[in-house]
Amino acid sequence: MPSIRRSLLLRCGFGVGGLLCLLSAAIYLLVESSLYGELDDSIKQTAAILSNQVELENDTITYEWQEGLGTNRALVEGALFQFWNDSTGATTRSPALHWRDLPLFHGVGGAPLLRNIRLSDGHHARAVGLRIYPFVLPEEVAAMKARGNPIDPATLPQTLVVARDAEPVHHALERLRWMLIVGSLLTLGLGFLLVERAVRVSLRPIHELATDVQERAGHRLDEPLALPEDLPGELRGLATHFNLLLSRVAAIRQRERDFIRHAAHELRTPIAGLRATTDLALSQERDAVAYAGHLAACQKSALELGELVKRLSALARIGQPASPAALEILDVTVLVRECWKSFAVTARERGLILADECGPDPVFVMVDLALLRIVFNNLFDNAVSYAAAPGIVRVSTRKVGGEVEVAIANPTLEPITDTSRLFEPLFRRESSRHDAGSHLGIGLTLSLDAARAMGGSLRAGQAGDGIELLVALPAAVDPAA
């Protein structure tokens with residue numbers, strides 16, 4: 001399972017380890033360059049002195065290094081150098097070499113060349129090899145001319161190799177390597193502990209937030225998380241959005257509670273009537289006609305219960321992702337007049353007439369036909385059932401911006417002070433409960449949800465001595481155009 005803590009520790013460990021390796025390597029190379037630089041300078045100085053100690057005298061090569069270094073017995077005894085006569089192969093060693101030879105080498109064209117070597121005793125050493133030529137004093141040149149045997153020093157090349165025991169430097173560098181390795185490991189271990197503590201302290205708010213979420217019981221999901229003042233900014237956004245999610249959960253749970261409470265309240269009346277009817281029918285012996293009357297009453301209550309269940313199911317399904325709105329272009333005036341036909345007879349019986357103010361021109365909207373039919377049926381049903389009779393039910397359409405508004409207005413028996421409550425699930429005015437028939441108080445809620453599912457809206461307002469319900473729908477272009 002991925003872990004932020006493990007990832008941070010590994011990344012910091014690799015980062016610190018790599019940095020320590022680079023720093024240790026830089027320190028080692030710097031010290032090595034410094035120590036070998038001092039050793040090389042000493043070797044070069046010695047080689048510069050010795051290169052002037054080869055003289056051509058009396059037609060022979062004379063090595064005067066003992067005279068040049070004689071004032072420093074320690075240098076004479078401890079110096080490691082060797083001359084080779086490139087013409088004859090003869091060699092001359094320093095006393096410290098005894099019978100052992102140094103490796104013979106020099107650079108390209110006899111140029112000085114520095115290199116690491118191994119002495120015959122196995123010690124590490126540093127050496128420089130170069131080609132030199134003997135020098136001739138002016139009086140010796142005159143003597144050779146007098147003898148008739150002038151010799152060119154360039155024909156007598158010599159190879160000089162000067163070495164210095166580098167074992168102390170090698171041991172010092174070896175100790176330095178171990179010190180750097182051990183120091184790096186200790187630093188890495190200490191750094192790991194410090195980084196682990198820093199990571200643990202930094203991640204503590206996440207653990208506390210996770211614990212707070214985990215310890216919540218189901219009945220506490222409605223409560224937002226308490227955000228401490230010292231909550232890091234990186235977590236504050238997460239916690240804030242989580243609280244927004246909890247607020248949505250709280251709203252859904254509240255809606256569920258309201259839905260259950262109102263449904264239970266509405267179901268109580270038909271169930272109580274059904275029970276009372278059956279109790280009355282079973283209270284004594286009756287003839288078939290009496291039983292038929294009670295059964296008819298029971299059937300009416302059952303139909304009311306079936307209508308209630310059907311509308312509650314529709315209310316629960318509207319807006320669900322599994323049932324998206326299927327939008328199409330249609331003439332809203334045609335649908336309005338078609339839906340009114342279902343209520344025309346009931347309206348005439350109650351003394352209501354329709355004032356159609358939609359006009360002759362078509363008005364096109366982008367809607368779901370089935371959902372819009374539910375909206376208009378509920379609005380006309382509400383107007384015909386609750387309008388003050390005799391009266392006029394007015395229907396009109398108008399285009400406002402990118403929307404088409406369909407207004408249905410009717411007079412009311414009593415004023416409505418808070419029109420927003422009309423859209424509460426299962427809400428009914430007390431004066432309408434005794435004569436609303438199959439009206440269960442969810443028609444306007446269904447209509448509001450259906451309008452929203454199509455991208456529209458539904459609102460209510462006062463209109464003179466009555467109420468006006470206004471449906472706003474997305475306008476569409478005439479398909480024929």
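Look up a bit, the structure's there.
Rules behind the numbers
Residues numbered from 1 in each chain as written. Predicted model: local features only at pLDDT ≥ 70, side-chain atom pairs only at ≥ 80, totals over all residues. Heavy atoms only, no water. Buried < 20%, exposed > 50% of the residue type's maximum accessible area, 1.4 Å probe, protein only. Helix = DSSP H or I, 4+ residues; strand = E, 2+ residues; numbered from the N terminus. Pairing = 2+ DSSP bridges. Patch = residues over 30% accessible without salt bridge, like charges linked within 9 Å, V, L, I, M, F, W, Y side chains within 5 Å. Areas by Shrake-Rupley, 256 points an atom, 1.4 Å probe, with all protein chains shown as cover. Salt bridge = Lys/Arg side-chain N within 4 Å of Asp/Glu carboxyl O. Axes fitted to C-alpha atoms, helices over the stretch in contact; angles between N-to-C directions. Contact = heavy atoms within 4.5 Å. Core = buried A, V, L, I, M, F, W, Y, C linked by side-chain atoms within 4.5 Å. Polar contact = N/O pair within 3.5 Å; in protein donor to acceptor, adjacent residues only side chain to side chain.

### Describing the pairing of strand E12 (residues 403–411)
Argument step 1. For E12, the buried fraction is high: 8 of the 9 residues fall into the buried class.
Argument step 2. With 7 bridges joining them, strand E11 (residues 391–400) and E12 adopt antiparallel strand pairing. Paired with Lys-399 across the strands is Val-404, a residue of E12.
Argument step 3. For E12 and strand E14 (residues 466–474), the ladder comprises 9 bridges, and the chain directions are antiparallel. Considered in E14, the bridge of Val-404 is made with Leu-473.

### Looking at a nonpolar patch on the surface
Argument step 1. Taken together, the side chains of Trp-178, Ile-181, Val-182, Leu-185 and Leu-186 present a nonpolar region at the surface, about 550 Å² in accessible area.
Argument step 2. Tracing the backbone shows Val-182 in helix H5 (residues 167–214).

### A short note on the sheet that holds E12
Argument step 1. Ordered by their spatial adjacency, 5 strands build an open sheet running E9-E11-E12-E14-E13, and the pairing between neighbours is mixed. The open sheet terminates on both sides in strands that have one partner only, identified here as strand E9 (352–357) and strand E13 (457–463). Direction aside, neighbouring strands of the sheet carry axes that sit 20 degrees apart on average.
Argument step 2. Across 6 bridges, E9 lies against E11 in parallel orientation. Its bridge partner being in E11, Ala-355 is matched across the sheet by Arg-394.
Argument step 3. Across the sheet, helix H8 (residues 332–340) touches E9, E11, E12 and E14, and the angle it forms with E11 is around 165 degrees.
Argument step 4. Sheet contacts for helix H10 (residues 369–386): E9, E11, E12, E13 and E14; angle to E12, the most-contacted strand, approximately 20 degrees.

### Points about the sheet that holds strand E5 (residues 113–118)
Argument step 1. Reading across the sheet, the 5 strands line up as E4-E3-E7-E6-E5 and stay open at both edges, with antiparallel pairing between neighbours. The outermost strands of the open sheet, each flanked by one partner alone, are strand E4 (91–93) and E5. Taken pair by pair, the neighbouring strands of this sheet meet at an average axis angle of 20 degrees, ignoring direction.
Argument step 2. In this structure, E5 lies alongside strand E6 (residues 124–132), joined through 6 bridges in antiparallel fashion. Bridge pairing in E6 links Arg-118 to His-124.
Argument step 3. Across the sheet, helix H1 (residues 4–50) touches strand E3 (80–85), E5, E6 and strand E7 (158–165), and the angle it forms with E7 is around 145 degrees.

### Quick look at the nonpolar core
Argument step 1. Ranked by size, the top nonpolar core spans 40 residues in total, and within it Val-332, Leu-372, Phe-376, Leu-379, Phe-380 and Leu-473 carry the most contacts.
Argument step 2. When residues of this core are assigned to their parent elements, the largest contribution, 8 residues, is made by H10.
Argument step 3. Ignoring anything within four residues of it in the chain, the contact list for Leu-372 reads Leu-330, Val-332, Leu-335, Val-367, Met-454 and Leu-473.
Argument step 4. Judged by nonpolar contacts, the second largest core, of 20 residues, contains Val-54, Phe-81, Leu-130 and Leu-180.

### Examining the side chain of Asn-85
Argument step 1. Relative to the helices and strands, Asn-85 resides in strand E3.
Argument step 2. A polar side-chain atom of Asn-85 sits 2.9 Å from the main-chain amide nitrogen of Ser-87.
Argument step 3. Apart from the residues within four sequence positions on either side, Asn-85 is in contact with Ile-61, Tyr-63, Ala-90, Pro-157 and Gln-158.

### Concerning the pattern of salt bridges
Argument step 1. For the structure shown, the criterion picks out 10 salt bridges.
Argument step 2. Across the pair Arg-147 and Glu-140 runs a salt bridge whose closest N-O atoms are separated by 3.4 Å.
Argument step 3. Residue class for Arg-147 comes out partly exposed when judged on its relative accessible area of 41%.
Argument step 4. Using a relative accessible area of 9% as the deciding quantity, one classes Glu-140 as buried.
Argument step 5. Arg-373 serves as the salt-bridge partner of Glu-338, at 3.1 Å between the closest nitrogen and oxygen. Taken together, the positions of Glu-338 in helix H8 and Arg-373 in helix H10 put the pair 35 residues apart, joining distant regions of the chain.
Argument step 6. Judged by its relative accessible area of 37%, Glu-338 falls in the partly exposed class.
Argument step 7. One salt-bridge network, held together by shared partners, links Arg-398, Glu-405 and Arg-459.

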